[in-house]
Amino acid sequence: MKKLILLALLSVSQCGFAAPSLYGWYVGGSVGGTSPIISHQSVVRNDLDWPSDQYRYHDVSTNALLALQSGYTWSSCHCWFPSYTLAASYTYVFPSEIKGRVRQFSLPEFENYRFRYNVQRQTFLALFKADIYRWCNLMPFFTVGAGFSLNRSENYAEHALDNVTPRLSPRFGRKTNASASYIIGAGFDFIATRNVLVSLEYHYGYFGHAHTRSGDEDFAQQKLATKLNSNTILLSANYYIGC
Amino acid sequence: MRLQMTGLGLLTLFMNTAIAATDPLSWSVTGSFPARTSVGNSYLVVYTFTSHLPFTMPTSLTATVQTTGNDFTITNECHGQKLSPGKSCNISIGLNPKSLGNKTVAVTVKYSNTTIAPPVLTTTTLATSLDSNWVGLIGVNYSPNHYASGNQFNNHDVFYTGTANGNGVSNTYMEMSQLKAAGFTAVRSYQTVEYAWIDIINSANALGLKVIYEAVIPQNGSNADITNAVSVLNNVISAVGASVFSSTVTLVFAGHENYSNTDISYLTSAVSQLQSALSSNGVGSIPVGSALVSGDLVTPGSPSDMQALINSYSASAPLGFDPYPFQWGVMPPDQAVSNMTLINSIAWDYAKVQAQSFYVSPRPILMAETGWATSGTGQFAGYYCYSNGGCFPSVANAATYLTALYKYVKTTSNNSGVLVFEAYDEPAKDPGNPTDAENFYGVFDTNCNLKNNNTNLLPNTSFSTTSNLGCQGYVNGALFTVVGTQPGAVTNQPPFIVQVTQTNPTTNLSASYTVTTPNQNRTNQNVYPWPQFLAFNNTSITITGVTSGASCSTTATVTNQVISFGAMSCTNPSYPVNCSGTVCYLPFNNF
């Protein structure tokens, strides 16, 4: 029994690794997919004393993303929390198509127009990642990040449902706005070679709001807005320089 | 609130199938502009916008109509409206092309922030050759028996009244002379016998006026009526001669306002038989048509009947109808003519007729009757206006209406002609109701006075009321006739001369005349009756036998239209003329 306790203590403090720990500066890239979570609706006010219109979001597409990051990793020989990383990342999310219907005057019987527009996001984050435990070359980790996103809304279009008269489109225009962002996630690192770390990561992110530009003429004071959250899966590969 | 999109999609699908989309402001359209339009046609499109909102619009509609070209008439009843639930408004767009080329109309209506735009209408106007015989024609409806009920003049349409160009002339000549001076170029008469037609046609021929002849084809009549009408027509042509008839009569109507949904075969037969009668008399080039109440063409109950009737018309006959905006209460009077977007206006009627399946462009449309009562009520004739917003009779309104009407007809692109109803008031139409508006459609009153001396009632606004007196003062006179008495006088009465020397007490102008009455076959008194003469008080009358050379003279007094003859003085006692009552009897012995 004493022998088992000793082995356990040894495993907490120091592991016998099949591969060396990765540390130092690295650069990496990621590919993945993100499933946006957007607001339920956007409210567009009408003329004085008229009820507002509801732009009810019904669908948003899951999209691919690309990310680059670079940072520095501190390593130890401990099994628990064997490494910590600070990094900066840039993420490009391919445009998501948001679809919905316009409910005029907030009345269900007047849900008359289909609309869609695209939201494209670029996010800059400072990341902290901590590997929690090392088992052979596999290390679960958690990560948090904070920064900002540039959210671009564009390509608004709409058309009338059957039996409904087309109207002049509001023509909400393209606009890019910056929003504070954060992520929180977890995953697994796998030491593939003495220089390469491969990671599989899930994170939940908040990326602020996406606004269209104001519409034309009668919609000059109005715009569509939605919060942007997402669930994201990333597959990353980091190359450590000088290991 | 945030929703995961994956779950919401199904929910939304369910909701979409449960609730049908509905326009808060729906629209519909009646009429259309065909891809190819033509000068001479009118086209009417009416957009109706209906609110399906559950509340009254908080702000007004902004409705606009943009067009290319100036050929459109637009009435926008939607702009500025706040429609309450279920209520509608109209935007009416009329097109009367005057220029060739492409034309477009774009309607937009904005409610709240929403602007809807029905599809843009486009058309191309092509050139058309219009029938100058009818386009621009301004004639008048003329009834010689236009006097008060009971007046003896109504019992005989034709009587000698004066002299023109050295010849004794009749009342119809004097009245049509007045109508010609007023600017009318054609007259339509109706419900009259052969001798009156003969006199009207001969007088019109002498005056250079045209005549629209109307055969008596009563509604729901029989073939006997047609036979009788053909007989009358034959007699008239025979009397005036084919040459005068064909140069004066430009159209024959197979009756008037006589369509019913049970007599179409009878009507087409009447048209056909009248055409045959004209042909057999050598005047087959004169077209035969008919005139209908406006609704028969504007809103036909049986388009197929109209198609059949029009098919029976001569190719060069216009469509004839009787539009009366006055009776519908359409106001203001000028808009009642020209505003195509105003329901029951003349222009609206034309557009509606031209939109019918039986209408083939560029057939002209003749208003066989239209006018505006200057007085009276619509109560007795059951006018729509009487119980729906009021009728608006007045001389001023009539003048405004007719001025607009003349302008409308003179606009070639309207492809129209008109016979104004009517020349003279006819108080005998409804003597039991003296205030019936039917009695007050004349531009002249019953005594040939231009109403209010308002020359805007006439096509010729330079009309001289002092130089064109028509029948003025006639009602101060009385009629007498001269009748042969010898055996067989209806066929063998030698010619005789009636010389009347007198002054019209109303006008203080000479009303003298000398008339030679030829030998005639007077077996049919409807064709050649014994002549009637107008005498004023203290008139001198001399009757001379052409064969005998003898003459008798007398004076007559007239009081309250009752004539009394004085003692007769004859040059030859063997040839006495005896006057008694209203008749002077010629000698029996070959006078």
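Residues numbered from 1 in each chain as written. Chains lettered and ligands numbered in written order. Predicted model: local features only at pLDDT ≥ 70, side-chain atom pairs only at ≥ 80, totals over all residues. Heavy atoms only, no water.

## What to know about the overall build of chain A
The cut-off we apply is this: Counting from the N terminus, the helices are the DSSP runs of H or I reaching at least four residues and the strands are the DSSP runs of E reaching at least two. Atoms considered for the radius of gyration are the C-alpha atoms alone. The globule rule reads 2.2 Å times the number of residues to the power 0.38. Only protein chains enter the accessibility calculation, which uses a 1.4 Å probe; a residue is then buried when its area is under 20% of its type maximum, exposed when over 50%, and partly exposed in between. Here the open area of atoms and residues is found with the Shrake-Rupley method and a 1.4 Å probe, where only the protein chains shown may cover a residue. When charges are counted, Lys and Arg contribute as positive and Asp and Glu as negative, whereas His and the chain ends are disregarded. Lys charges are placed at NZ, Arg charges at CZ, Asp charges at CG and Glu charges at CD.
Of the regular secondary structure elements, chain A holds one helix and ten strands. When the helices and strands of chain A are read in sequence order from the N terminus, they spell out α-β-β-β-β-β-β-β-β-β-β. Relative to the 2.2 N^0.38 estimate, which gives 18 Å for 243 residues, the radius of gyration of chain A is 24 Å and therefore markedly larger than a compact globule would have. For the C-alpha atoms alone, the extent of chain A along its principal axes is close to 80 × 40 × 30 Å. Counting across all 243 residues of chain A, residues that qualify as buried make up 49%. A total accessible area of about 11400 Å² is found for chain A, and carbon and sulfur atoms account for 63% of it. Of note, chain A has its 21 positive side-chain charges centred 13 Å away from the centre of its 16 negative side-chain charges.

## Observations concerning empty space enclosed by the protein
Residue and element names in this part refer to chain A. Here is the rule: Here a cavity denotes a set of grid points, spaced 1 Å apart and computed over the protein atoms alone, in which a 1.4 Å probe fits but from which it cannot get out, and a pocket denotes an open set meeting protein on both sides within 12 Å along at least five of seven lines; residues with an atom within 4 Å of a point are reported as lining. Grid points are joined across faces, edges and corners, and a volume is the space filled by probe spheres set on the points. Polar here means any residue outside two lists: the nonpolar Ala, Val, Leu, Ile, Met, Phe, Trp, Tyr, Cys and Pro, and the charged Asp, Glu, Lys and Arg; Gly therefore counts as polar.
Tallying each qualifying case throughout the model produces six cavities of 30 Å³ or more. Surrounding the largest cavity, 25 residues form its lining, Q69, L127, I183, E201 and L234 being those nearest its centre. The set of elements that each furnish at least two residues to the lining of the largest cavity consists of β1 (24-39), β4 (63-75), β5 (80-103), β6 (111-133), β7 (138-160), β9 (196-211) and β10 (225-240). If you tally residues by element for the lining of the largest cavity, the top one is β6, at six residues. Quantified by volume, the second largest cavity comes out at close to 90 Å³. Secondary structure elements with two or more residues in the lining of the second largest cavity: β1, β5, β6 and β10. Classifying every residue of the lining of the second largest cavity by side-chain character gives seven nonpolar, five polar and one charged.

## Some details on the sheet that holds strand β2 (residues 25-30) of chain B
Note on sheets: strands pair through backbone hydrogen bonds, and any given pair is parallel or antiparallel. Residues and elements named next belong to chain B. Definition in use: Strands qualify as paired when DSSP identifies two bridges or more between them. Here, axes are lines fitted to C-alpha atoms. For helices the fit covers the stretch in contact, and angles between N-to-C directions go from 0 to 180 degrees.
If you walk across this open sheet you meet the four strands as β2-β4-β7-β6, and the pairing is antiparallel. Sheet topology places β2 and β6 (72-76) at the edges, where each strand pairs with a single neighbour. Between one strand axis and the next, the sheet turns by 15° as a mean value, whatever way the strands run. Bridge analysis of β6 against strand β7 (residues 88-95) gives five bridges, and the strand direction is antiparallel.

## Things to note about the interface of chain A and chain B
Put simply, the rule is: Contacts are assigned to residue pairs with any non-hydrogen atoms lying within 4.5 Å of each other. Once two parts are brought into contact, the accessible area they lose, counted with a 1.4 Å probe and summed over both, makes up the buried area. The term salt bridge refers to a side-chain nitrogen of Lys or Arg lying within 4 Å of a carboxyl oxygen of Asp or Glu. Pairs of N or O atoms are called polar contacts if they sit within 3.5 Å, as long as, within protein, a hydrogen donor faces a hydrogen acceptor (for residues adjacent in sequence, only side-chain-to-side-chain pairs).
Between chain A and chain B, the residue contacts involve 44 residues of the former and 32 residues of the latter. Together, the buried faces of chain A and chain B total about 3100 Å²; carbon and sulfur atoms form 55% of this surface. If you look at where chain A meets chain B, you find two salt bridges. K110 of chain B is the partner of D218 of chain A in a salt bridge, and the nearest nitrogen-oxygen pair spans 3.9 Å. Linking chain A to chain B there are 13 residue pairs in polar contact (both at pLDDT 80 or more).

## Here we look at the pattern of salt bridges
Should their charged atoms come close, side chains of opposite charge can pair. All names here are of chain A. For the structure on display, the rule yields 16 salt bridges over all chains. With a shortest N-O distance of 3.7 Å, R116 and E97 are connected by a salt bridge. In this pair, R116 sits in strand β6 while E97 sits in strand β5, placing the two residues 19 residues apart along the sequence. Since its relative accessible area comes to 24%, E97 is described here as partly exposed.

## Details of the confidence of the model for chain B
All names here are of chain B. The test is simple: How sure the predictor is of each residue is captured by pLDDT, a score from 0 to 100.
When the pLDDT values of chain B are averaged, the result is 94; 97% of them are 70 or greater. The low-confidence segment residues 1-18, where pLDDT is below 50, has 30 contacts with residues more than four positions distant or belonging to other chains. With a pTM of 0.82, the predicted complex shows an ipTM of 0.81.

## Describing the packing of aromatic side chains
We apply this condition: Pairing of aromatic side chains requires ring centres within 6.5 Å, counting the rings of Phe and Tyr and the six-membered ring of Trp. Pairs whose planes differ by under 30 degrees are stacked, by over 60 edge-to-face, and all others tilted. Whether a charge sits over a ring comes down to the Lys NZ or Arg CZ being within 6 Å of the ring centre and within 35 degrees of the ring normal.
As enumerated under the stated definition, the model contains 51 aromatic pairs over all chains in all. Taking 5.1 Å as the distance between ring centres and 85° as the angle between the ring planes, the aromatic pair formed by Y156 of chain A and F172 of chain A counts as edge-to-face. Taken as a pair, Y156 of chain A in strand β7 and F172 of chain A in the loop between β7 and β8 (175-191) lie far apart in primary sequence, 16 residues in all. Both residues of the pair, Y156 of chain A and F172 of chain A, belong to the buried class. With centroids separated by 6.3 Å and ring planes inclined at 65°, the aromatic side chains of F159 of chain B and Y474 of chain B adopt a geometry described as edge-to-face. On the criterion of sequence distance, the pair formed by F159 of chain B in the loop between β11 (138-141) and β12 (160-164) and Y474 of chain B in the loop between β20 (416-420) and β21 (478-483) is long-range, its members being 315 residues apart. Judged on exposure class, the residue F159 of chain B and its partner Y474 of chain B are both buried. Pairwise contacts between aromatic rings join Y55, Y57, F115, Y117, Y156, F172 and F219 of chain A into one cluster. Seen from the ring of F207 of chain A, R121 of chain A lies directly overhead, with NZ or CZ sitting 3.4 Å from the centre. Between R167 of chain A and the ring centre of Y113 of chain A, over which it is positioned, the NZ or CZ distance is 4.7 Å.

## Quick look at the packing of helix α4 (residues 223-240) of chain B against helix α6 (residues 264-280) of chain B
Residues and elements named next belong to chain B. Condition: Angle categories are assigned with fixed cut-offs, so that under 35 degrees is roughly parallel, over 145 is roughly antiparallel, 65 to 115 is roughly perpendicular, and the rest are oblique. Helix crossings fall into two classes, left-handed where the near helix is turned counterclockwise from the far one by less than a right angle and right-handed where it is turned clockwise.
Packing of α4 against α6 brings their axes to within 10 Å, and their N-to-C directions diverge by 25°. Relative to α6, α4 is oriented roughly parallel. Viewed along their axes, α4 and α6 form a crossing whose handedness is right-handed. Contacts between α4 and α6 involve N223, D225, I226, V230, L233, N234 and I237 from the first element and Y266, S269, A270, Q273, L274, A277 and L278 from the second. Tallied by class, residues from the contact of α4 with α6 come to nine nonpolar, four polar and one charged.

## A look at the state of the cysteines
One way to say it: the disulfide is the covalent bond shared by the sulfur atoms of two cysteines. Residue and element names in this part refer to chain B. As a reminder, the rule being used: What counts as a disulfide here is a pair of cysteine sulfur atoms lying within 2.5 Å.
Enumeration over the complete set of coordinates arrives at five disulfides over all chains. In this model C78 forms its disulfide with C89; the gap between the sulfur atoms is 2.0 Å. Here C78 and C89 share a disulfide; its torsion about the S-S bond, 105°, makes the bridge right-handed. Residue C78 is found in the loop between β6 and β7, and its partner C89 is found in strand β7; the two are separated by eleven residues along the sequence. One disulfide bridge connects C385 with C391, the sulfur atoms lying 1.8 Å from each other.

## Quick look at helix α3 (residues 194-207) of chain B
Residues and elements named next belong to chain B. Filter applied, for reference: Here the expected length of a helix is defined as 1.5 Å per residue gap, with one fewer gap than residues.
Taking 1.5 Å of rise per residue, 14 residues should cover 20 Å, and α3 covers 20 Å from first to last C-alpha, within 8% of that figure. Counting buried positions over the 14 residues of α3 gives eleven, a clear majority of the element. Of the positions making up α3, those classed as buried are E194, Y195, A196, W197, I198, D199, I200, I201, S203, A204 and L207.

## As for unusual backbone geometry
Cis geometry marks the peptide bond from S361 of chain B to P362 of chain B; its omega dihedral reads 5°. Looking along the chain, the bond that leaves F421 of chain B and enters E422 of chain B is cis, with omega of 5°. Mapping E422 of chain B onto the fold places it in the loop between β20 and β21. Here N155 of chain A, not a glycine, exhibits a phi torsion of approximately 60°, which is positive. As for its position among the elements, N155 of chain A is in strand β7. Judged by its relative accessible area of 45%, N155 of chain A falls in the partly exposed class. Although it is not a glycine, N508 of chain B adopts a positive phi angle of roughly 60°. Mapped onto the fold, N508 of chain B is located in the loop between β23 (503-504) and β24 (509-510).

## Examining the sheet that holds strand β17 (residues 288-293) of chain B
All names here are of chain B. On the basis of which strands lie adjacent, the closed barrel formed by eight strands has the order β11-β14-β15-β16-β17-β18-β19-β20 and parallel pairing. Taken over all neighbouring pairs, the strand axes of this sheet differ in orientation by 30° on average, direction set aside. Both strand β14 (residues 186-188) and strand β15 (residues 210-215) contribute to a ladder of three bridges, which runs parallel. In the strand pairing of β15, V187 is matched with V211. Contacts between α3 and the sheet are confined to β14, β15 and β16 (249-256), with β15 contributing the most and set at about 165° to the helix. Contacting β15, β16 and β17, α6 runs over the sheet at an angle of about 150° to β16.

## A few points about the nonpolar core
Filter applied, for reference: Nonpolar core, defined: a set of buried Ala, Val, Leu, Ile, Met, Phe, Trp, Tyr and Cys residues in which side-chain atoms within 4.5 Å join the residues together.
Core analysis: the largest hydrophobic core is formed by 125 residues, its most contacted members being Y213 and F245 of chain B. For this core, the element with the most residues is helix α13 (residues 395-410) of chain B, which contributes ten residues. Setting aside chain neighbours within four positions, we find Y213 of chain B in contact with W197, I201, V232, L233, V236, F245, V249, L251, V252 and F253 of chain B. Counting residues in hydrophobic clusters, the runner-up holds 60 residues, among them Y113 and M139 of chain A together with L25 and L61 of chain B.

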